[in-house]
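Coordinate analysis (summary)
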2 protein chains.
Amino acid sequence: MTTSATGADRLPVDFDDVERAAGRLAGVAHRTPVLRSSTLDAACQAQVFLKSEHLQRVGAFKFRGAYNALAALDPQVRSRGVVAFSSGNHAQAVALAARLLGVHATIVMPLDAPPVKMAATRGYGAEVVTYDRYTEDRRAIGQSIADERGATVIPPYDHPDVIAGQATAALELLDEVPDLDAVIAPVGGGGLLAGTAVAVRTRRPSATIVGVEPAGRRAARDALARGEVVQVAVPRTLLDGQQTPEIGTRNLALFQAHVDRVEGVEDADALAAVRLLATRLKQVVEPSGASALGALLAGGLPDLRGARVGVLLSGGNVAPAVLAAALNAAD
Amino acid sequence: MTTSATGADRLPVDFDDVERAAGRLAGVAHRTPVLRSSTLDAACQAQVFLKSEHLQRVGAFKFRGAYNALAALDPQVRSRGVVAFSSGNHAQAVALAARLLGVHATIVMPLDAPPVKMAATRGYGAEVVTYDRYTEDRRAIGQSIADERGATVIPPYDHPDVIAGQATAALELLDEVPDLDAVIAPVGGGGLLAGTAVAVRTRRPSATIVGVEPAGRRAARDALARGEVVQVAVPRTLLDGQQTPEIGTRNLALFQAHVDRVEGVEDADALAAVRLLATRLKQVVEPSGASALGALLAGGLPDLRGARVGVLLSGGNVAPAVLAAALNAAD
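Read on for an overview of the structure. (Residues numbered from 1 in each chain as written. Chains lettered and ligands numbered in written order. Predicted model: local features only at pLDDT ≥ 70, side-chain atom pairs only at ≥ 80, totals over all residues. Heavy atoms only, no water.)

1. Some details on the overall build of chain A
- Regarding its fold elements, chain A presents 14 helices and twelve strands.
- In terms of overall dimensions, chain A is globule-like: its C-alpha atoms have a radius of gyration of 19 Å, near the 20 Å expected for 331 residues.
- In terms of principal-axis extent, the alpha carbons of chain A reach across some 55 × 50 × 40 Å.
- The buried share of chain A, taken over its 331 residues, is 57%. (Helix = DSSP H or I, 4+ residues; strand = E, 2+ residues; numbered from the N terminus. Rg over C-alpha atoms; globule rule 2.2 N^0.38 Å. Buried < 20%, exposed > 50% of the residue type's maximum accessible area, 1.4 Å probe, protein only.)

2. Structural notes on the packing of helix α14 (residues 320–328) of chain A against helix α14 (residues 320–328) of chain B
- For the pair α14 of chain A and α14 of chain B, interaxial distance at closest approach is 8 Å and the crossing angle is 160°. The orientation of α14 of chain A with respect to α14 of chain B, classified from their angle, is roughly antiparallel. In this structure, the crossing between α14 of chain A and α14 of chain B has a hand that is left-handed. Along the contact surface, α14 of chain A presents Pro 320, Ala 321, Leu 323, Ala 324, Leu 327 and Asn 328 of chain A, while α14 of chain B presents Pro 320, Ala 321, Leu 323, Ala 324, Leu 327 and Asn 328 of chain B.
- Residue classes in the contact of α14 of chain A with α14 of chain B are distributed as ten nonpolar, two polar and no charged. (Axes fitted to C-alpha atoms, helices over the stretch in contact; angles between N-to-C directions. Parallel < 35°, antiparallel > 145°, perpendicular 65-115°, else oblique. Left-handed = near helix turned anticlockwise from the far one by under 90°. Contact = heavy atoms within 4.5 Å. Nonpolar A, V, L, I, M, F, W, Y, C, P; charged D, E, K, R; others polar.)

3. Focus: the nonpolar core
- Counting residues in each nonpolar core, the largest one holds 77 residues, and the members touching the most others are Leu 293 and Leu 296 of chain A together with Leu 50, Leu 293, Leu 296 and Val 311 of chain B.
- Ignoring anything within four residues of it in the chain, the contact list for Leu 293 of chain B reads Leu 40, Cys 44, Val 48, Leu 50, Ala 273, Leu 277, Val 311 and Leu 313 of chain B. (Core = buried A, V, L, I, M, F, W, Y, C linked by side-chain atoms within 4.5 Å.)

4. Comments concerning the pattern of salt bridges
- Evaluated as defined, the whole model comprises 36 salt bridges over all chains.
- Measuring nitrogen to oxygen at the nearest pair gives 2.8 Å for the salt bridge that ties Arg 20 of chain B to Asp 17 of chain B. In this pair, Arg 20 of chain B and Asp 17 of chain B are both assigned in helix α1 (residues 15–25), three residues apart and thus about one turn of the helix distant.
- We classify Arg 20 of chain B as partly exposed; its relative accessible area is 45%.
- Accessibility expressed as a relative area gives 18% for Asp 17 of chain B, which makes it buried.
- Asp 222 of chain B is the salt-bridge partner of Arg 218 of chain B, the closest N and O atoms lying 3.2 Å from each other.
- Given a relative accessible area of 39%, Arg 218 of chain B falls into the partly exposed group.
- Taking the relative accessible area as the measure of exposure, Asp 222 of chain B reaches 19% and is therefore buried.
- Here the residues in one salt-bridge network are Lys 51, Glu 53, Arg 64 and Glu 172 of chain A, joined through shared partners. (Salt bridge = Lys/Arg side-chain N within 4 Å of Asp/Glu carboxyl O.)

5. Focus on the interface of chain B and chain A
- Contact with chain B, which involves 18 residues of that partner, is made by 18 residues of chain A.
- A combined buried area of about 1500 Å² lies between chain B and chain A, and 62% of that area is made up of carbon and sulfur atoms.
- Taken together, the links from chain B to chain A amount to zero salt bridges.
- Where chain B touches chain A, the interface holds seven residue pairs in polar contact (both at pLDDT 80 or more).
- For the side of chain B that touches chain A, the secondary structure elements donating two or more residues are α12 (267–279) and α14 of chain B. (Buried area = accessible area lost by both parts, 1.4 Å probe. Polar contact = N/O pair within 3.5 Å; in protein donor to acceptor, adjacent residues only side chain to side chain.)

6. A look at the relation of the copies chain B and chain A
- Aligned on chain A, chain B shows an RMSD of 0.0 Å; the corresponding rotation is 180° and the shift along the axis is 0.0 Å. When the rotation and shift are considered jointly, the pair of chain copies conforms to a two-fold rotation axis. Measuring from the rotation axis to each C-alpha of chain B, the shortest distance belongs to Ala 324 of chain B, at 2.0 Å.
- Looking at the interface residues of chain B, 100% of them are also at the interface in chain A, so both copies use one shared face. (Least-squares fit on C-alpha atoms with pLDDT ≥ 70 in both.)

7. Some remarks on the sheet that holds strand β6 (residues 127–131) of chain B
Residue and element names in this part refer to chain B.
- The four strands lie next to each other as β6-β5-β4-β7, forming an open sheet whose pairing is parallel. Looking at strand neighbours, the two that pair on one side only are β6 and β7 (152–153), the edges of this open sheet.
- Pairing of strand β5 (residues 105–110) with β6 involves five bridges; the strand directions are parallel. Its bridge partner lying in β6, Pro 110 is registered against Tyr 131.
- Running at roughly 165° to β5, helix α5 (residues 89–101) makes contact with β4 (82–85) and β5 of the sheet. (Pairing = 2+ DSSP bridges.)

8. What to know about the sheet that holds strand β8 (residues 182–186) of chain B
Residues and elements named next belong to chain B.
- Read from one edge to the other, the open sheet built from six strands follows the order β2-β3-β12-β8-β9-β11, with strand pairing classed as mixed. Every interior strand has two partners, whereas the edge strands, β2 (34–35) and β11 (261–265), have only one.
- Relative to β11, strand β9 (residues 208–214) is paired through five bridges, and the arrangement is parallel. Looking across to β11, one finds that Glu 213 is bridged to Gly 264.
- In the packing of helix α10 (residues 219–226) onto the sheet, contacts are made with β9 and β11, and the angle to β11 comes to roughly 150°.

9. A look at the pairing of β4 of chain B
Residue and element names in this part refer to chain B.
- Going residue by residue along β4, you find Val 82 and Ala 84 tucked away on one face and Val 83 and Phe 85 tucked away on the opposite face as well.
- Alignment of β4 against β5, held across four bridges, turns out to be parallel. What sits directly across from Val 82, in β5, is Ala 105.
- Of the crossover connections in this fold, the one passing from β4 over α5 to the parallel β5 is right-handed.
- Here two bridges tie β4 to β7, and the two strands are oriented parallel to one another. Bridge assignment links Val 82 to a residue of β7, and that residue is Thr 152. (Right-handed = clockwise from strand over helix to strand, strands pointing away.)

10. Quick word on the packing of α1 of chain B against helix α9 (residues 191–203) of chain B
Residues and elements named next belong to chain B.
- Orientation of α1 relative to α9, taken along the N-to-C sense of each, is 110°, at an axis distance of 9 Å. In this view, α1 runs roughly perpendicular relative to α9, as classed from their interaxial angle. Contact with α1, carried on its side by Phe 15, Val 18 and Glu 19, involves Val 198, Ala 199, Thr 202 and Arg 203 of α9 and no other residues of that element.
- For the contact of α1 with α9, the residue count by class is four nonpolar, one polar and two charged.

11. Looking at the side chain of Ser 52 of chain A
- The residue Ser 52 of chain A is located in strand β3 (residues 47–52) in this model.
- If we ignore the near neighbours within four places in the chain, the residues touching Ser 52 of chain A are Thr 32, Pro 33, Leu 35 and Leu 313 of chain A.

12. Regarding the environment of Ala 292 of chain A
Residues and elements named next belong to chain A.
- Here Ala 292 lies in helix α13 (residues 291–297).
- It is 9.6 Å that separates the C-alpha atoms of Ala 292 and Val 183, two residues lying 109 residues apart in sequence.
- The residues touching Ala 292, leaving out its near neighbours within four places in the chain, are Ile 184, Ala 185, Pro 186, Val 212, Val 311 and Leu 312.

Structure representation (structure tokens):
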């Protein structure tokens, strides 16, 4: 399936949306720290400022977008509940946001999702509805639950309020470090990069904005090259937060307006970043969450040498065995 | 060798010493964050405040004591250089402190010390002198270098300025959370616990002060029971920061004056704390560094149930393979 990008004059998210999101998230989302390391600077040949969303609630930036989307709903609509289909960080983000706002959340997850993720989602008070991922369509199930109950589906990335929420991470980064030369962020469905681009292009127009996706998944690069959303085959990758086969339509429009380019990163380079973050900065970041740093560390962004670079670390929810494997590769 | 504890009326370190150390360290040591987690609180059945010295310079609280000891030296004495014998965090702490104060540091390390540790110590600008740990005595070598050069030996724990420096971590913790019911800290040679005890007993006299050492190493417990320093056999343990066969004479005197008790912790319980810190708080802490938390988490401190407990996380310098093994034990 391909869908053409919106050709409308007005972009799906503007800076006012981001500021409104920041207002809703104040005192609710963590204002995550910006970490620095002289070892990291030397390894990257740049001045690196790490916006640490692995320390965000639910362990990922996803909480920002989910909470903003729920908070932006009309209270009467919101009171009928929300629905999400995800086995990842978005599920937990919607579950926690719903609990904080006192509404019911239904999360549609595959029957064979990791029990620890199901338990975590239930732990946030959500109802988990399972489906067979080989015979059933999670979108259809989610939509039918939503229709039945009058509940609202909260999509993971292709939604203006979700994008505006994700943008607040970069907004905080620029509040703390206004004079960045560049900002780089991981790209999966594109919500984080799209939001980041809106915030950075307004607050620091001169900054270079770069997205990073798995080398073998060209969803963002192909979409930018063709000017339309493209569904791509996704090879095996440890960058499991970026396995989405397409980016969102709204996200593409914002990439086209604001993003300088998207680069690919090899799994091994993202894992090297995971290792360096663990051994030197004592921080646990998931492979996808470290993918933008991995590209910089591997020398894949030579135009940023010597620059002041903001890097989004997007999440820290890594399976212990995956982190262990990354660490053992270092010895 | 046994040495009797100082029976002098005046204790080796008092609160004035701690305040002087805090003055010397201001703007030099990191003011490390105090981390919280509702998951951790639930698991410990207490309100837990984690003073995060794994995020200190050189990755451990040791920087505080080393820098304070060097800064307290008469400038003329200091200019003749310093010597330390250590293959661990103290070596790097002395090396960095010396570099910051512009003096020469000689670190005596075993020939077969991990190359990564030697490189790190040299990276801080120190001269590394190696010895054969099977045939030579590091103390004799260190002392002869010091005598030759007029340099000063900086001991790792049994020294008033080292103890006063380590005390500043607990001082900062109490600045941020004044109303703690208890403070618990790991014990190796005893510098951290002794300093912690001075700071806590002055600032929060009612607080319970507990030390935690490896279950199989009774150096602190036996010394307290007998009223004198005892040299003990140290079994194999992953708590490598606490393998010292004895505590210091000054440290014992301060334990006797201020510490309520010392408890043992099993390796497995410390590793469970390492895992929980990695998976939930996204923090990399070394097994010794997490040993006090491990005792609390394992239910070994039942009198602290429901209490507001400050816990010293003392360091984060764990070999990647050790962290990997701890993580794999969780699956």
